[in-house]
Amino acid sequence: MVFRTLEESLLFLEKHNELIRVKEEVDPNLEMAAIQLKVFASGGPALLFENVKGSAFRCASNIFGTVKRSKLLFADTIPVIQELINLKSNPAEILKKPWKYFNTGFSAIHALPKSSTNINPDFKEISISQLPLIKHWPRDGGAFVTLPQVYSEDINQPGIKHSNLGMYRIQLDGNDYILNEEVGLHYQLHRGIGVHQSMANQLGKPLKVSIFIGGPPAHSVAAVMPLPEGMSELSFAGILGNRRFRYTYDDGYCVSNDADFVIMGDVYPGDNKPEGPFGDHLGYYSLRHDFPVLKVRKVLAKKNAIWPFTVVGRPPQEDTSFGALIHELTGTALRQEIPGLKEVNAVDAAGVHPLLLATGSERYTPYNPTKQPAELLTIANRILGTGQLSLAKFLIITAGEKNIVSTSDIPGFFQYVLERIDLGRDVHFYTKTSIDTLDYSGTGLNTGSKVVLAAFGDKKRSLATEIPATFSKLVMPGIITTSLSGFQDYNIAAKEINQFALNWRENKENPAGIMLIIICDDAGFTSLNLNNFLWVTFTRSNPSHDIYGVESFIEHKHWGCRGPLIIDARIKPHHAPPLEVLPETQQSIQRLFEKNGSLYGW
């Protein structure tokens, strides 16, 4: 299918019973986000809000809410994208089998962006205050754009060929922003737009930025894709959407002629203001921090424009499906980039970045009679030095020969690793390093630690599958949770948990086969299901500060333990608060789900 506009794609979804129109008036202040959360949780359809309080524009959400729906939108072009990414990693393939890639080459015509001398006549100028100002969570600093396509260019090489299109969050109002004149941009300087800003700063000039909202769905996907080096997001959007990216310039600002909305402005050197808080994908708020300010020059909206949005929160959410679609599209690209890597799973339930599970080759076996992880550690270092994977805190890796274990089977993966790991040898820390900006478990913004747990060899033990009633909760074989009184500070925590470890060692009634103990605020909640265990354990801990062990030791600067590993996953005073929908908001949206409501049955 070829979609020229966002509305065309929504009509297509409606025709396939994948969209519902919400006709009742809904409030962009908390209500719309709560509706999206509820519908997504039930596996529901895309939503078109036709009556938004305080705005003349319609809104759409949950467009990418299921992998099935995303694949339906791009059914014709997903195979082409997969082939192109494979060819980018392995260009010799086209020389071996040129006939196989004939259609791929033909489709690549759509990779060429198409310029125009005239701006789309359907655009009219509006102000920020006329937009649907959607506030998602009670403590958010204001309204945010959650599906933006942020466009910038290299000031030294202006033009579309040296551009970046990324999805960075945009704060439209609140805090100290002057409404209609300023919006906040949240990005790091190592990202594409950040590199462009650094170049402009060096020349003492403002960076021209355009923010596109809406347009064909392929444009939104292109803005989040981790593309191979040298592949343009605009080219990717054209191939995925089977339609060339159409653009023009307005006073030096790039304008996507297919977008529903365009915000144009300048980022001046050193012009920062507090941005946030914002309910984020780890399931907590990211707090207020200084980020660049965009001085708004012009805001455009198409006739009958539709404002797309998503809600970011504790996973799984709609960005979970985004991640699955990206995995579907990129195929083997990561395995080709990292020799020996077989699988990697950025665990969504743990907030994506905090926990990676990986399998790889261990081909040093003839020279490794002790079956000690060797090549696995080389692969681990490559993983932690690659793109977004470098934000991981916990990387658990094991050998993946013969496909005995898969990273997608999370309980099976943990059991396989815990049956084989040597906790005295196979725990490797990286201290005082960088972590995700949105992760507040570390020692400061972007600052924390990492740990690699590597397991290889024959099964060493059987894991406990039952525990006495006097113990806390069994999460899965070999893993238990236990509650301790609230965390006060790290000095007190060290004394508490070291005493716990000593008591564990001396208690002869402790069952054999316990390899991991999670100290938490609520053992019942943490052990209730797999997602709770993953979320609590890996979002609320900083490896260097929160990992302990029974009979722990340091030998030639290497830390290990002879008994179970202990992770302190209690909430700390410096952690950001978790996200919660207000009960009154839940009650106010219930009218839509009752009989005669637009969402009855969902």
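The notes below deal with the structure included here. Here the structure is a predicted model, which means the values were calculated and not measured.

## Quick look at unusual backbone geometry
Then, in step 1: That bond from G276 to P277 is cis: its omega, -5 degrees, falls within 30 degrees of zero.
Then, in step 2: With omega at 5 degrees, the peptide bond leading from P315 into P316 counts as cis.
Then, in step 3: Inspection of the secondary structure puts P316 in the loop between β19 (306-309) and α10 (318-330).
Then, in step 4: The backbone phi angle of N304 is positive, close to 60 degrees, even though this residue is not glycine.
Then, in step 5: Within the secondary structure, N304 sits in the loop between β18 (289-302) and β19.
Then, in step 6: By relative accessible area, N304 is classed as exposed at 52%.
Then, in step 7: For N446, which is not glycine, the phi torsion reads 70 degrees and is therefore positive.
Then, in step 8: Its place among the elements puts N446 in the loop between β23 (427-434) and β24 (447-455).

## A short note on the packing of helix α8 (residues 217-224) against helix α9 (residues 233-241)
Then, in step 1: Running from N to C, α8 and α9 point in directions that differ by 140 degrees, and their axes come no closer than 8 Å. Regarding the angle of α8 to α9, the classification is oblique. In this structure, α8 crosses over α9, and the sense of that crossing is right-handed. Of the residues in α9, those in contact with A218, H219, V221 and A222 of α8 are E233, F236, A237, L240 and G241.
Then, in step 2: For the contact of α8 with α9, the per-class residue count stands at six nonpolar, two polar and one charged.

## Notes on the packing of aromatic side chains
The relation between two aromatic rings is expressed through the spacing of the ring centres and the mutual angle of the planes.
Then, in step 1: Counted according to the given criterion, the structure contains 19 aromatic pairs.
Then, in step 2: Summarising the aromatic geometry, the rings of F429 and W559 are spaced 5.8 Å apart at their centres and angled 85 degrees between planes, so their arrangement reads as edge-to-face. A residue pair is termed long-range when its members are at least 10 positions apart, and F429 in strand β23 and W559 in strand β30 (residues 558-561) qualify at 130 residues.
Then, in step 3: With a relative accessible area of 16%, W559 lands in the buried category.
Then, in step 4: Its guanidinium or amino end placed over the ring of F487, K572 lies 5.5 Å from that ring's centre, counting from NZ or CZ.

## Quick notes on the pattern of salt bridges
Then, in step 1: This structure, assessed with the given rule, holds 28 salt bridges.
Then, in step 2: E275 is the partner of R169 in a salt bridge, and the nearest nitrogen-oxygen pair spans 2.6 Å. Placement of the pair is R169 in strand β9 (residues 169-171) and E275 in strand β15 (residues 272-275), with a sequence separation of 106 residues.
Then, in step 3: Taking relative accessible area as the criterion, E275 reaches 0% and is therefore assigned buried.

So, how was this worked out
Residues numbered from 1 in each chain as written. Predicted model: local features only at pLDDT ≥ 70, side-chain atom pairs only at ≥ 80, totals over all residues. Heavy atoms only, no water. Helix = DSSP H or I, 4+ residues; strand = E, 2+ residues; numbered from the N terminus. Buried < 20%, exposed > 50% of the residue type's maximum accessible area, 1.4 Å probe, protein only. Axes fitted to C-alpha atoms, helices over the stretch in contact; angles between N-to-C directions. Parallel < 35°, antiparallel > 145°, perpendicular 65-115°, else oblique. Left-handed = near helix turned anticlockwise from the far one by under 90°. Contact = heavy atoms within 4.5 Å. Nonpolar A, V, L, I, M, F, W, Y, C, P; charged D, E, K, R; others polar. Phe/Tyr/Trp six-rings, centres within 6.5 Å; stacked < 30°, edge-to-face > 60°. Lys NZ or Arg CZ within 6 Å of the ring centre and 35° of its normal. Salt bridge = Lys/Arg side-chain N within 4 Å of Asp/Glu carboxyl O.

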